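# Analysis of the macromolecular model
Spelled out from the first residue to the last, the chains are:
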Amino acid sequence: MNDLLDLAARQLRADLADAPARARKRFSDEGRAARCRTIAELRAAAKRAVPKPIFDYADGAAWDEVTARRNIAAFEDVTLHPLALTDVSSVDLRTTVLGGEIALPIIGAPTGLTGLQHPEGELAVARAAHAAGTITTLSTMASCTMEEVAAASSGRRWFQLYVMSDRGLVDSLLERAAANGYEALMLTVDVQVAGVRERDVRNGFSVPPRITLKTLARGVTHPRWSAGFVANPRMVPANLGWEGSATATLSSAVNRAFDPTVTWDDLADLRARWKGPLIVKGVMRADDAVRCVEHGADAIIVSNHGGRQLDGTAASIEALPAIADAVGGRAELYLDSGIRRGTDIVKALALGARAVLIGRALMYGLGAAGEAGARRAFSILEGELRVALALAGYPRAADLEGVATVS
Ligand SMILES: Cc1cc2nc3c(=O)[nH]c(=O)nc-3n(C[C@H](O)[C@H](O)[C@H](O)COP(=O)(O)O)c2cc1C
């Protein structure tokens, strides 16, 4: 009996001595990130951590958000056909994109105004992608400059371009991208005009954010986010010279700056001017994909912008098989929109994608726990992908032909 009491007392003392360290860990970004076991849990944590308009900016989509929901639901209509009795003792996630190997077939999607979720913004996302052994893509609308991101982390990086009416600005973006080691140019073709995200309209979301009594009150209820924001506000796109411009809704600012006259001629022009690999993002039709190939695209991203642009399109996973058929290996294919699980990645690779891009999964991680959260988004998907590949009997991510069909 005495021995038992002695043991309990010793354990209690050790527990108490350890309490401050455990509390520190619990309330650190690392602790918060580690407690999230799924992308859905990262999303829930982000929803708690950042003010509603900031969460809605990342989470929301166009009009009735039908396409955004369909992007996720459509993965349920893809059926996996596991192979029995294969040796899966070593699962290999590596693949090759644009001539270089990445450690896993998951790439960081370009996201504008990422610094609203967390002041480290694209710097944190780039470090997380590079720690995972993969590529980060910097948006034209990024909160951090191309130079800052290049200095923050030395892994592979791509630059995403929106064609602006000010073609001189486009020229200077291309020059800076090349000078700062952005190896590929990704032209996004599905933002002819700004999509209408009604959550943003209702929340009065603007660039730079308008400070009202309501925003101040929201700041008080999200003290960790507010402390970061006050210390290092990243309120406008950093590469476009918008600092000091008057507050405007995001859609009116986009519609003022972006060029709605962009056509295939502009793609041909960019192909002639950009010396590195060229990727076209936002293709949803087989005929358009073939035209991209004919215009010299090295890669195509089957994407509907996560449902943030035209509501009512197919899910991107639904569009993938026909595009893969039509392209027939003449360009690399990647897919984004709706990736939330490792099995989604298996399905995308099986239906013809070489890799996937993740947008919101990274935004949730960043909002929930900064860089640690962005790293967690990669590690959750990596872990799920590893198990899913083993259970499917296909130990190599680069070799998944035949494991899935669309029902
Ligand atoms: C907050 C946010 C900002 C985005 N900004 C851009 C952008 O500036 N350029 C771009 O090409 N795509 C942008 N996208 C779209 C993503 O690159 C990607 O296509 C989409 O997020 C994929 O869907 P998912 O969020 O379900 O992964 C953005 C997406 C989000 C969520």
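Residues numbered from 1 in each chain as written. Predicted model: local features only at pLDDT ≥ 70, side-chain atom pairs only at ≥ 80, totals over all residues. Heavy atoms only, no water.

Looking now at the overall build of the protein. A count of helices and strands for the protein gives 17 helices and 14 strands. Here the protein holds 407 residues, and 55% of them are scored as buried. Considering only contacts within the protein whose residues lie at least 6 apart along the sequence, 76% involve residues at least 24 apart. Of the roughly 17,800 Å² of accessible surface on the protein, 56% is carried by carbon and sulfur atoms. A gap of 6 Å separates the mean positions of the 47 positive and 47 negative side-chain charges of the protein. (Helix = DSSP H or I, 4+ residues; strand = E, 2+ residues; numbered from the N terminus. Buried < 20%, exposed > 50% of the residue type's maximum accessible area, 1.4 Å probe, protein only. Contact = heavy atoms within 4.5 Å. Areas by Shrake-Rupley, 256 points an atom, 1.4 Å probe, with all protein chains shown as cover. Lys, Arg positive; Asp, Glu negative; His and termini not counted. Charge placed at Lys NZ, Arg CZ, Asp CG, Glu CD.)

Every one of the 21 residues lining the ligand counts as a neighbour, but Pro110, Ser139, Tyr162, Thr188 and Asp336 are closest to it. In the model, an oxygen atom of the ligand is placed 2.8 Å from a nitrogen or oxygen of the Pro110 main chain. Between the ligand and the protein, one listed contact pairs a nitrogen atom with a backbone N or O atom of Gly112 at 2.9 Å. For the ligand, whose accessible area on its own is 600 Å², the fraction buried by protein is 98%. (Near = heavy atom within 4 Å. Polar contact = N/O pair within 3.5 Å; in protein donor to acceptor, adjacent residues only side chain to side chain.)

Another point: the pattern of salt bridges. With the rule as written, the count across this model stands at 28 salt bridges. Here Glu41 makes a salt bridge to Arg37, at a shortest N to O gap of 3.3 Å. Note that Arg341 is salt-bridged to Glu384, the shortest N-O span being 2.7 Å. Of the two residues, Arg341 is situated in the loop between strand E12 (332-335) and helix H16 (342-350) and Glu384 in helix H17 (residues 360-392); the sequence distance between them amounts to 43 residues. Judged by its relative accessible area of 41%, Arg341 is partly exposed. Within the structure, one salt-bridge network assembled from shared partners comprises Arg43, Lys52, Asp56, Asp59, Glu65 and Arg199. (Salt bridge = Lys/Arg side-chain N within 4 Å of Asp/Glu carboxyl O.)

Taking 1.5 Å as the rise per residue, H17 with 33 residues should run 48 Å; its terminal C-alpha atoms sit only 26 Å apart, a clear shortfall. Residue Ala369 marks the point of greatest curvature in H17, where the axis turns by about 145°. Summarising burial for H17: 24 of the 33 residues are buried, a large majority. (Expected span 1.5 Å × (residues − 1). Bend = angle between axes of the 7 residues up to and from the residue.)

The strand order across the open sheet formed by eight strands is E4-E13-E12-E11-E10-E7-E6-E5, and the pairing between neighbours is parallel. Each end of this open sheet is capped by a strand with a single partner; those strands are strand E4 (106-108) and strand E5 (136-138). Direction aside, neighbouring strands of the sheet carry axes that sit 30° apart on average. Two strands pair when backbone bridges link them, and strand E10 (residues 278-283) and strand E11 (residues 299-302) are joined in this way by four bridges, in the parallel orientation. Residue pairing across strands places Val280 opposite Ile300, the latter belonging to E11. The sheet strands contacting helix H15 (residues 316-327) are E10, E11 and E12, and the helix crosses E12 at an angle near 175°. (Pairing = 2+ DSSP bridges. Axes fitted to C-alpha atoms, helices over the stretch in contact; angles between N-to-C directions.)

Axis separation between helix H14 (residues 286-294) and H15 bottoms out at 8 Å; the angle between their running directions is 40°. In the crossing of H14 with H15, the sense of the turn from one axis to the other is right-handed. Facing H14, whose interface residues are Ala286, Ala289, Val290 and Val293, H15 presents Ala322, Ile323, Ala326 and Val327. (Left-handed = near helix turned anticlockwise from the far one by under 90°.)

So, about unusual backbone geometry. Glycine aside, a negative phi is what most residues show, and trans is what most peptide bonds show. Backbone torsion omega between Val207 and Pro208 reads -15°, so that peptide bond is classified as cis. The residue Pro208 is located in the loop between strand E8 (206-207) and helix H10 (213-221) in this model. Although it is not a glycine, Leu85 sits at a positive phi angle of roughly 55°. Inspection of the secondary structure assignment puts Leu85 in the loop between strand E1 (78-80) and strand E2 (95-97). In the Ramachandran plot, Ser337 falls in the positive-phi region, its phi being about 100° despite a non-glycine side chain. Position of Ser337 relative to the elements: it lies in the loop between E12 and H16.

Another point: a nonpolar patch on the surface. On the surface, a cluster of nonpolar side chains totalling about 380 Å² of accessible area is made up of Trp63, Val196, Val201 and Leu310. Mapped onto the elements, Trp63 comes out in the loop between helix H4 (52-59) and helix H5 (66-73). (Patch = residues over 30% accessible without salt bridge, like charges linked within 9 Å, V, L, I, M, F, W, Y side chains within 5 Å.)

If you trace the backbone, Ala374 turns up in helix H17. The spatial distance from the C-alpha of Ala374 to the C-alpha of Met363 is 7.3 Å, given a sequence separation of eleven residues. Discounting residues that sit within four places of it in the chain, Ala374 has contacts with Ala128, Leu362, Gly365 and Leu366.

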